[in-house]
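Residues per chain are reported as follows:
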Amino acid sequence: MSDLQGFFAQNAGSDLSKDVIVSERFKDKDGKPIPWKIHSITEAENEEYRKAATRKVKGKNGSQQSEIDQNIYLAKIIVASVSFPDLKNAELQKSYGVIGAEELLRKMLFPGEYATLVQQAQELNGFDQSLEELMDEVKN
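Residues numbered from 1 in each chain as written. Predicted model: local features only at pLDDT ≥ 70, side-chain atom pairs only at ≥ 80, totals over all residues. Heavy atoms only, no water.

Caption draft 1: Here's a closer look at the pattern of salt bridges. Applying the stated rule across the entire model yields seven salt bridges. For R50, the salt bridge is made with E43, and the minimal N-O distance between the two is 3.0 Å. What makes R50 partly exposed here is its relative accessible area of 27%. For E47, the salt bridge is made with K51, and the minimal N-O distance between the two is 3.4 Å. Here the residue E47 and the residue K51 both occupy positions in helix 1 (residues 43-52), the gap between them amounting to four residues, near one helical turn. In this structure E47 comes out as partly exposed when scored by relative accessible area, which is 34%. (Salt bridge = Lys/Arg side-chain N within 4 Å of Asp/Glu carboxyl O. Buried < 20%, exposed > 50% of the residue type's maximum accessible area, 1.4 Å probe, protein only. Helix = DSSP H or I, 4+ residues; strand = E, 2+ residues; numbered from the N terminus.)

Caption draft 2: Broad picture of the pairing of strand 4 (residues 64-68). Pairing of strand 3 (residues 54-58) with strand 4 involves five bridges; the strand directions are antiparallel. Among the inter-strand pairings, K58 is bridged to a residue of strand 4, identified as Q64. Taking the residues between adjacent antiparallel strands as the criterion, strand 3 and strand 4 are bridged by five residues, where N61 takes a positive phi near 60°. (Pairing = 2+ DSSP bridges.)

Without other data, these values stay purely geometric and don't point to any function.
Listed below in structure tokens is the structure:
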């Protein structure tokens, strides 16, 4: 196989996934923490979530500027990355008294748990390096 063929869709790894313990509070029948299953998303999906979190705001002299609401953007990425538990499950949402997967996460998790989930999903999706680290890698 030539090096170029490694980039063909049928040869590329399409979906990365892993199990993450987000919280010790959610336990199975044996008392063990239940892992959440997260998976990677594509850049096309990422772009969709970024657009959905972008709004127009008035800038100087009445000009329109685009601004991304980072909280909305992150919530959309996280919801898209979680495959278990099913955050879109109506019964699960009802048990927390919310409608919508993003609202469910906000109600279901403590701040530190949410931060853990965000960190794990970002790492899995390749957001685990700072811009400076990426620039250093390119230089070397």
